[in-house]
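A look at the structure
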Amino acid sequence: MSHSHVMAGLDPAILARTAVLARFLSTTTGRVLARLILALILLATWEYQPSADLRFWMSGPVEIVARLWSWILDGLLWDNVGATLLAMALGYTIGTAAGIALGLLFGLMPRLYRVLSPYIAALYAMPKIALAPLFVIVFGIGIQSKVALVAITVFFLVLNSTLDGVRNVDRDLTRALALMGATRLEVIAKVLVPATLPWIFTGMRIAVRYAFTNTLLAELIASNSGIGFMIEYYSGVFDATGTYAAILVLVIMSVGLTELLTQVEARMSHGN
Amino acid sequence: MPRGDLAPKISLAGVGKAFVTRDRAVEALQPIDLTILDHEFVALVGPSGCGKSTILNLIAGLLQPSGGVVSYDGVAVSELNRQVGYMTQKDTLLPWRTAADNIRIALELKCRAVPRAEAAARVAQMIDLVGLTGFERHYPAELSGGMRKRVALARTLIYEPETLLMDEPFGALDAQLKLLMLDQLQELTRQRRMTVVFVTHDLGEAITLADRVVVFSARPGRIRTIRSVDLPRPRDVFRIRFTEDFSHLHESLWDELKDEVARGTDV
């Protein structure tokens, strides 16, 4: 009622057309079509904009895709995507393993943790990226410095969530098992670890994105391979086409990673 | 009369407990003396906050007394007392284990490792006993409060500890189910000759099951009276409450208890 009232001043023919459009956009085909049209307009504007100056800084879609295709053909793409993923996976694995191990250890030795906690808190609070230049000096610009940065970032995230988990274990549960005659090891295996697992998984899930970002940052700062290195290299030589092509690869990787995580999370919450 | 053997199993001599909160000491239990005999079923009744649960925690070694000595089999309890099976007021089921897996846990421990097949058979028997058939694979979060209590009961009974400490185990059950459980508990503890310390606020439940009923005063707790229940065993838990002896006992114990309950609820 009030709807038609507000719209009363408008031409009924326009109103009718708006309604048809709204209905069309609410169908899947309509949405996909609208997205394609939007992309085409943007890409066409980018490709056919007349300024040569802008062309230098912005390149154009056709050139970028052609560059990407040439990288696929000569293997440059796979080498660098591989380098990024390898550094990320290694750092993530090392950081996760160390974080879980030390988190459980500190959880079991609260006095030791209380002694060390100010240092751990300080290191946790510090943006780890500040260590990147140091790692480059110590480990060089190869894969080690990237792995080190990723590992230390992931380590503190997983350590903290593991510690939170251990500290949140219901003491009544551990005491109940001890009363039944469970040894210390049995209490750890049957209560502490299973009760902490969800916290560990949460930490690991969050850490994936941090691992990806930090691999990239390490590559941007100083390295000799990886997608971050490509972005840094091509922008360093004022090659806009190469820079955008590398960024395009990065976008595809991020979307892929996010999609993968969503799948894993959905499966995990289903299993519980 | 306590059944047969007169050897003391648990003794509390001048045992008191005060809790320090901030700078104030709160006396939960005034110094009491209490001896529980081997194979005896003792019920502790009293208003809430009278220190009944504190006594169980002391016997289990979860707490140390502020004064006096708690001994078990003649030895002072100075650490966790692993001779007892303790069914606390709050069920301590592991949320990531199904009902059956929770019940089985004591049989997985090294100190009494039981072969898989035997463990499965005993779990099935327990599930049947507490009336949870069909709920074996449910997680604690999917069970009602009463069902969780029954899982906790089965988990405690399955490893047949020589002494059972029970803190209001049947509080969350409906009347019919409670009677069934009382019947099963009487049967099991008699069969396995367990010593039982049973905390409840239900006087009828206490008289139905116990050899002796200990009535506590309101906080700070102390023993007001101890009464032997001379009803013959085995008792018919479904009908005993309609007998004359039961009514007499109930009446006289209720006279003791009702002032305390009135005082207890004031606080």
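Residues numbered from 1 in each chain as written. Chains lettered and ligands numbered in written order. Predicted model: local features only at pLDDT ≥ 70, side-chain atom pairs only at ≥ 80, totals over all residues.

Check the secondary structure of chain B and you find 7 helices and 10 strands. Its C-alpha atoms give chain B a radius of gyration of 18 Å, near enough to 18 Å, the size a compact globule of 267 residues would have. Taken over 267 residues, chain B has a buried fraction of 41%. Residue pairs at least 24 apart in sequence account for 73% of intrachain contacts in chain B once pairs closer than 6 positions are excluded. (Helix = DSSP H or I, 4+ residues; strand = E, 2+ residues; numbered from the N terminus. Rg over C-alpha atoms; globule rule 2.2 N^0.38 Å. Buried ≥ 20, exposed ≤ 12 C-beta atoms within 10 Å, placed from the backbone. Contact = placed C-beta atoms within 7 Å.)

All names here are of chain A. For helix α5 (residues 61–74), which comprises 14 residues, the first-to-last C-alpha distance of 20 Å matches the rise-based estimate of 20 Å (1.5 Å per residue) to within 8%. Taken as a whole, α5 has its buried residues at I64, R67, L68 and W71. Angularly, the buried residues of α5 cover 100 degrees about the axis, an arc narrow enough to put them on a single face. Of the residues in α5, the exposed ones pointing more than 90 degrees away from the buried face are V62, W69, S70, I72 and L73. Where α5 terminates, the next one or two residues include G75, which has phi positive at roughly 85 degrees. (Expected span 1.5 Å × (residues − 1). Arc of directions from axis to C-beta.)

Okay, unusual backbone geometry next. Between R233 of chain B and the following residue, P234 of chain B, the backbone shows a cis peptide bond with an omega angle of -5 degrees. In this structure, P234 of chain B sits in the loop between β10 (223–228) and α7 (244–266). Of note, F238 of chain A is a non-glycine position whose phi angle comes to about 55 degrees, a positive value. Its place among the elements puts F238 of chain A in the loop between α12 (227–236) and α13 (240–271). Located in the positive-phi region is D73 of chain B, a residue other than glycine, with phi close to 55 degrees. With respect to the element layout, D73 of chain B can be found in the loop between β4 (67–72) and β5 (75–76).

Confidence along chain B averages 89 in pLDDT terms, with 96% of residues attaining 70 or more. With a pTM of 0.75, the predicted complex shows an ipTM of 0.84. (pLDDT = per-residue confidence, 0-100.)

Attention shifts here to the interface of chain B and chain A. Tallying the contact residues gives 18 residues for chain B and 14 residues for chain A. Of all the secondary structure elements, the ones that give two or more residues to the side of chain B that touches chain A are β6 (84–87) and α2 (99–108) of chain B.

This part covers the sheet that holds strand β9 (residues 212–216) of chain B. Residue and element names in this part refer to chain B. Taken together, 6 strands build an open sheet; the order of strands is β6-β7-β8-β3-β9-β10 and the sheet is mixed. A single partner strand is all that each edge strand has here, and the edge strands are β6 and β10. Shown here is a sheet whose adjacent strand axes are inclined to one another by a mean of 15 degrees, direction ignored. Across 4 bridges, the pairing between strand β3 (residues 41–45) and β9 is parallel. For L44, the partnering residue across the bridge sits in β9 and is V214. (Pairing = 2+ DSSP bridges. Axes fitted to C-alpha atoms, helices over the stretch in contact; angles between N-to-C directions.)

Quick look at the sheet that holds β4 of chain B now. Residue and element names in this part refer to chain B. Pairing within the open sheet is antiparallel, and its 4 strands lie in the order β2-β1-β4-β5. Lying at the two open borders of the sheet, with one neighbouring strand each, are β2 (24–37) and β5. Contacts between helix α1 (residues 52–60) and the sheet are confined to β1 (8–21), β2 and β4, with β1 contributing the most and set at about 115 degrees to the helix.

Before going further, it helps to spend a moment on the packing of helix α6 (residues 76–108) of chain A against helix α9 (residues 143–167) of chain A. Relative orientation of the contacting elements α6 of chain A and α9 of chain A amounts to 30 degrees, with a least axis distance of 6 Å. When you trace α6 of chain A past α9 of chain A, the crossing you get is right-handed. (Left-handed = near helix turned anticlockwise from the far one by under 90°.)

Attention now goes to α2 of chain B. Buried residues dominate α2 of chain B, accounting for 7 of its 10 residues. Residues of α2 of chain B that are buried include every one of A99, N102, I103, R104, I105, A106 and L107 of chain B, and no others.

All names here are of chain A. Here G242 shows up in helix α13. On a C-alpha basis, the gap between G242 and V65 in space is 9.8 Å, while along the polypeptide they are 177 residues apart. Here G242 is in contact with R67 and Y234, once residues within four sequence places are set aside.

Residues and elements named next belong to chain B. Pairing geometry for β1 and β2, over 10 bridges, is antiparallel. Each residue of the ladder has a partner; that of S11, found in β2, is T35. Counting the residues in the hairpin turn of β1 and β2 gives 2 residues, including R22, whose phi is positive at 50 degrees. Examined bridge by bridge, β1 and β4 share 5 bridges and lie antiparallel to one another. Residue pairing in the sheet places I10 in a bridge with Y72 of β4.

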